[in-house]
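For reference, the chains in residue letters:
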Amino acid sequence: MSVAEKSIIADPALAPEGHRKIYWVRAHMPVLNTIRERFEKEQPFKGLKVTIALHLEAKTAYLAKVVKAGGADVTITGSNPLSTQDDVCAALVEDGITVFAKYNPSPQEFKELNIKALEWKPDLIIDDGGDLATILHSERPELADNLRGGAEETTTGIIRLKAMEKDGTLKFPMVAVNDAYCKHLFDNRYGTGQSVWDGINRTTNLMVAGKTVVVVGYGWCGKGVAMRAKGLGANVIVTEIDAIKAVEAYMDGFAVMPMLEAAKVGEFFVTVTGNRDVIRGEHYEAMKDGAIIANAGHFDVEANKPELAALSGSVRTVRRNIEEYRLKDGRSIYLLAEGRLVNLAAGDGHPAEIMDMTFALQAVALKHVNEKYESIGNKVVNVPYELDEQVARLKLESLGFGIDKLTDEQIAYLDSWREAE
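Quick caveat: nothing in here was measured; it's all calculated off a predicted structure. Throughout this document, residue positions are counted from 1 along each chain, in the order its sequence is written. For this predicted model, a pLDDT threshold of at least 70 governs which residues receive local features, and a threshold of 80 or more governs which side-chain atom pairs are given and counted, while totals over whole chains, interfaces and linings are taken from all residues. Heavy atoms throughout the structure, all of them, feed into the side-chain values; hydrogens and water do not.

### Some points on the packing of helix 2 (residues 15-26) against helix 4 (residues 58-69)
- Note on method: axes are straight lines fitted to C-alpha atoms, helices fitted across the in-contact stretch only, with angles between N-to-C directions ranging 0 to 180 degrees. Here a helix means four or more residues in a row that DSSP labels H or I, a strand means two or more in a row labelled E, and each is numbered from the N terminus. Where helix 2 contacts helix 4, the two axes come as close as 8 Å, and the packing angle between them is 80°. As summarised for this structure, helix 2 and helix 4 are arranged roughly perpendicular, according to the angle between their axes. Contacts from Lys21, Ile22, Val25 and Arg26 in helix 2 reach Ala58, Lys59, Ala61, Tyr62 and Lys65 in helix 4.
- Note on residue categories: nonpolar means Ala, Val, Leu, Ile, Met, Phe, Trp, Tyr, Cys or Pro, charged means Asp, Glu, Lys or Arg, and polar means any other residue, Gly included. By residue class, the composition of the contact of helix 2 with helix 4 is 5 nonpolar, no polar and 4 charged. Any angle that is under 35 degrees is reported as roughly parallel, and any over 145 degrees as roughly antiparallel; angles of 65 to 115 degrees are reported as roughly perpendicular and all others as oblique. For this analysis, residues touch if any pair of their heavy atoms sits within 4.5 Å.

Okay, here's the thing in structure tokens:
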């Protein structure tokens, strides 16, 4: 059976536009281009099956092509129903990659597509939010028979994997790509910061300057969202449960208060916690008429949608990716992209230059786990520092920048506790 016959996509005729998108991002992903050249020569995945579950847009498509260039038989599926781009899926099928993904499938169909990708019985996986790992542990453990390990993209996924490891149920090693310096320092901060506001701005077509923005959670993603909101001229409030992060937000120049207080004054709310119900009934009851809620966490549970619906007399779509919840007292609260990842469900995700580094980490992490899976064991491990730094050095080279090296005398000084002579 051919790749096209095996794949489940919306429309093969959309491939030309998908190819154009992939061509554009490839031109802006020099680090991944370098790794692709290495993989073509080394063939680290020759004869292996790799299943990928990520937001299926052009940058992800190019990562899949890089892994394929390393010798892998690649199957890919989406990690969010609203972030899959049908034209990109069609282009990948033409490029010889098996795709199980469509834009906006039903929840049941979305899960079935994920399972279809795993029924290929992969040797390696790249996961996002722990979706593949959860299916392999809870529903279809027999599909992990060949699995050597994989790499995880997000904070949410790592939380789930570490819970499995703690319970002693994790069946294979996973590399925590999200925890690499080049991921959380750059992707989570600068990537999320820019792409969230890109998604909000293109969806609402409203001003940010002068508005009050409430950022719920001040991890690396929250820092990026707050920083870019400030740059757009907003008054920024941060809500937190961690006292240290709250002090950091204060020293970064932001107001800090409990969610219930922030709910009374906020005009835009952006959730970036990785937890559920951080905006819920009592907060909706306190919000101003016209408040806008967006989520940048992996799952659509950060703003409690059932409680919002229960307070509402009607719900209607007033603009693409904007639902108006008309409360029984006459106020309106607007939810963007069904509470899913606003930067991908209502935008194109992180800039190509950011994902160049993140997906380079995914590629080298996958190669690492394939080489070391027997010695790693069934646990969650960090990306080795030398691989993290390797990606940063490739990025610097692509920018035409150089950095200094320690002299032998400096190395000896740092290694000694004696006073310098």
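That covers the picture; the talk isn't over yet.
### Side note on the UniProt feature "binding site: substrate" (unreviewed entry) in the protein
- In the numbering used here, UniProt assigns the feature "binding site: substrate" (unreviewed entry) to Asp128, Glu153, Lys183 and Asp187. Look at the named residues: they lie 60 residues apart in sequence, but the longest C-alpha span between them is just 14.2 Å, so in the fold they bunch up.
- Tracing the backbone through its elements, the reader meets Lys183 in helix 9 (residues 181-204).
- Not counting residues within four places of it along the chain, the set of residues in contact with Lys183 comprises Glu153, Val177, Asn178, Asn188, Thr358 and Leu361.
- Mapped onto the elements, Asp187 comes out in helix 9. UniProt positions are given in the numbering used here, feature names are shortened, and annotations may be inferred rather than shown by experiment.

### With respect to the pattern of salt bridges
- By salt bridge we mean one thing: a side-chain nitrogen of Lys or Arg within 4 Å of a carboxyl oxygen of Asp or Glu. In this structure the tally under the stated criterion is 25 salt bridges.
- Residue Glu371 is joined to Lys367 by a salt bridge in which the shortest nitrogen-to-oxygen separation is 2.8 Å. One end of the pair, Glu371, and the other, Lys367, are both in helix 16 (residues 352-376), 4 residues apart, so they sit about a helical turn from each other.
- Connected through salt bridges with shared partners, the residues Asp300, Lys305, Glu338 and Arg340 form a single ionic network.

### What to know about the sheet that holds strand 3 (residues 98-100)
- Only strands that DSSP links by at least two bridges are regarded as paired with each other. What the 7 strands build is an open sheet, ordered 3-2-1-4-5-6-15; its pairing is parallel. Whereas interior strands pair on both sides, the edge strands pair on one side only; in this sheet they are strand 3 and strand 15 (380-382). When the angles between neighbouring strand axes are averaged without regard to direction, this sheet yields 20°.
- Bridge count between strand 5 (residues 149-152) and strand 6 (residues 174-176): 3 bridges; the pairing is parallel. The residue bridging Glu152 from the neighbouring strand is Ala176, located in strand 6.

### What about the sheet that holds strand 14 (residues 332-336)?
- If you walk across this open sheet you meet the 8 strands as 9-8-7-10-11-14-13-12, and the pairing is mixed. Of all the strands in the sheet, just strand 9 (255-256) and strand 12 (312-319) have a single pairing partner and so form its edges.
- Where strand 13 (residues 322-327) and strand 14 come together, 5 bridges link them in antiparallel fashion. The residue of strand 14 that forms the bridge with Arg326 is Ser332.
- On the sheet, helix 9 packs against strand 7 (212-216), strand 10 (268-271), strand 11 (291-295), strand 12, strand 13 and strand 14 and is oriented at approximately 140° with respect to strand 10.
- Relative to the sheet, helix 10 (residues 220-231) contacts strand 7, strand 8 (235-239) and strand 10, its axis offset from that of strand 7 by approximately 170°.

### Re the nonpolar core
- Core analysis: the largest hydrophobic core is formed by 59 residues, its most contacted members being Ile35 and Val99.
- Element by element, the count of residues in this core is highest for helix 16, at 13 residues.
- When sequence neighbours within four positions are dropped, the list of residues in contact with Val99 reads Ser7, Ile8, Ile9, Leu56, Ile76, Cys89, Leu92 and Val93.
- Grouped together as the second largest cluster of nonpolar side chains are 28 residues, Leu82, Ala249, Ile322 and Ala346 included. Residues belong to a common nonpolar core when they are buried Ala, Val, Leu, Ile, Met, Phe, Trp, Tyr or Cys residues joined through side-chain atoms within 4.5 Å. Three exposure classes are used, based on accessible area relative to the maximum for each residue type with a 1.4 Å probe and protein chains only: buried under 20%, partly exposed in between, and exposed over 50%.

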